[in-house]
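# Summary of the model geometry
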Amino acid sequence: MPTARELAQEAFEFGKTLDLKGIGYGRDTQDPDKWYDNPTAYYKFLAGFAAKSGVRDILEIGTWYGGSTRCLARGQSAADATAPTKIVTIDQEQRDTSVFREYPTITAIEGNSLDPRTMRAALGLFDYRPVDLLYVDAFIAYAASIAFIGIYSTLFRPSFMILDDIKYNESMTEMWSDLCRVYGERALDLDEVDPAIRPKCGFGLIDLRGWYDSPGRAG
Ligand SMILES: C[S@@+](CC[C@H](N)C(=O)[O-])C[C@H]1O[C@@H](n2cnc3c(N)ncnc32)[C@H](O)[C@@H]1O
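Okay, so let's go over this structure. (Residues numbered from 1 in each chain as written. Predicted model: local features only at pLDDT ≥ 70, side-chain atom pairs only at ≥ 80, totals over all residues. Heavy atoms only, no water.)

## Side note on the packing of aromatic side chains
Going through the model one piece at a time under the given rule, you end up with 12 aromatic pairs. A centroid spacing of 5.9 Å and a plane angle of 10 degrees characterise the contact between Y152 and F156, whose relative ring orientation is stacked. Placement of the pair is Y152 and F156 together in helix α5 (residues 142-156), with a separation of four residues, close to one helical turn. Given a relative accessible area of 0%, Y152 falls into the buried group. Summarising the aromatic geometry, the rings of Y183 and W211 are spaced 5.0 Å apart at their centres and angled 50 degrees between planes, so their arrangement reads as tilted. (Phe/Tyr/Trp six-rings, centres within 6.5 Å; stacked < 30°, edge-to-face > 60°. Helix = DSSP H or I, 4+ residues; strand = E, 2+ residues; numbered from the N terminus. Buried < 20%, exposed > 50% of the residue type's maximum accessible area, 1.4 Å probe, protein only.)

## Quick notes on the nonpolar core
In this structure, F45, F49, I162, L190, F203 and L205 are the most contacted members of the largest nonpolar core, which totals 37 residues. In terms of residues, this core owes the most to one element, helix α2 (residues 41-52), which gives seven residues. Ignoring anything within four residues of it in the chain, the contact list for L205 reads A4, A8, F49, F160, M161, I162, W176, R186, A187, L188 and L190. By size, the runner-up hydrophobic cluster in this structure holds 28 residues, among which are F148, I149, L179 and L208. (Core = buried A, V, L, I, M, F, W, Y, C linked by side-chain atoms within 4.5 Å. Contact = heavy atoms within 4.5 Å.)

## Describing the pattern of salt bridges
According to the stated counting rule, one finds 12 salt bridges in the structure shown. Two residues, R95 and D91, come together in a salt bridge whose shortest N-O distance is 3.6 Å. Of the residues examined, D91 reaches a relative accessible area of 10% and is grouped as buried. Here the salt bridges do not stand alone but share partners, grouping D91, E93 and R95 into one network. (Salt bridge = Lys/Arg side-chain N within 4 Å of Asp/Glu carboxyl O.)

## Description of unusual backbone geometry
The residue R157 is not glycine, and still its phi comes out positive at about 40 degrees. The class of R157 is partly exposed, set by a relative accessible area of 22%. The backbone of K200 sits at a positive phi, close to 70 degrees, despite the residue not being glycine. By secondary structure assignment, the location of K200 is in the loop between β8 (187-189) and β9 (203-207). For K200, a relative accessible area of 79% gives the class exposed.

## Focus: the side chain of S145
Position of S145 among the secondary structure elements: in helix α5. Dropping the residues within four chain positions of it, S145 is found in contact with F139, M172 and M175.

## Some details on the environment of E110
Tracing the backbone through its elements, the reader meets E110 in strand β5 (residues 106-110). With 16 residues separating them in the primary sequence, E110 and Q94 have C-alpha atoms 5.9 Å apart. Beyond its immediate stretch of four places on either side in the chain, E110 contacts D91, Q92, E93 and Q94.

## Here's the deal with the site of the ligand
Contacts to the ligand come from 18 residues, most closely from Y42, Y43, G62, D91 and R95. Measuring from an oxygen atom of the ligand, one finds a side-chain N or O atom of D91 at 2.5 Å. Within the complex, the protein chains bury 92% of what would otherwise be the 610 Å² of accessible surface of the ligand. Each residue belonging to the shell around the ligand can be placed in one class, and the counts come to six nonpolar, eight polar and four charged. (Near = heavy atom within 4 Å. Polar contact = N/O pair within 3.5 Å; in protein donor to acceptor, adjacent residues only side chain to side chain. Areas by Shrake-Rupley, 256 points an atom, 1.4 Å probe, with all protein chains shown as cover. Nonpolar A, V, L, I, M, F, W, Y, C, P; charged D, E, K, R; others polar.)

## As for the packing of α2 against helix α3 (residues 67-78)
The relative placement of two packed helices is expressed as an angle between their axes plus a distance between the axes. At a closest axis distance of 7 Å, the pairing of α2 and α3 adopts a crossing angle of 35 degrees. The handedness of the crossing between α2 and α3 comes out as right-handed. Here Y43, L46, A47, A50 and A51 of α2 lie close against α3, whose contacting residues are G67, S68, C71, L72, G75 and Q76. For the contact of α2 with α3, the residue count by class is seven nonpolar, four polar and no charged. (Axes fitted to C-alpha atoms, helices over the stretch in contact; angles between N-to-C directions. Left-handed = near helix turned anticlockwise from the far one by under 90°.)

Structure follows, in structure tokens:
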């Protein structure tokens, strides 16, 4: 089994070879007049990770214009696997879900992630199974992010978590520093793999393989 670091390295290299043309971030978060049509480096990483890690069930918190969601789906379809895949993406505000028309494995939930109705909708879509990857990219502050992580890792027992913006501001830096103390070597700052993956904002990978290894109750 490759280490998280090896996997991340391989993921980024492979992601750079994938054709993700036309998948962009959409509207700039700060400047409404700016629009991005093509993939950033972290989209390539996400696609490569989806391809190389073998993750089948993915839960994303923070859809925005669905750029990251589509890259994850593209990565999965580039993998050799034949097993079915599923991506559920949550956002309190759905912007343009027509972008998912050609992606039958993606389901978008409109709802506040902190609302139990949203949590239960996602649980139902995965039939209460664990997910392979939880990707959190919704709100750049300790309290909100740790709430998303806490709630969704409890309910979905992911094998991996990817967290965006771990260096975006002091609050996020503090959160990442605390997660590193909690998860130890399982927490990997992806700048250590390649600072080109998510310059300035920072991307964190937490390897939870084996962490939740106890059988769920049947039925
Ligand atoms: C940075 S954007 C996501 C970007 C997207 N993952 C990408 O890389 O293309 C953050 C999104 O999180 C959503 N969001 C923030 N707080 C939320 C909450 N409590 N519940 C659901 N969505 C939330 C916002 O509406 C916004 O669309």
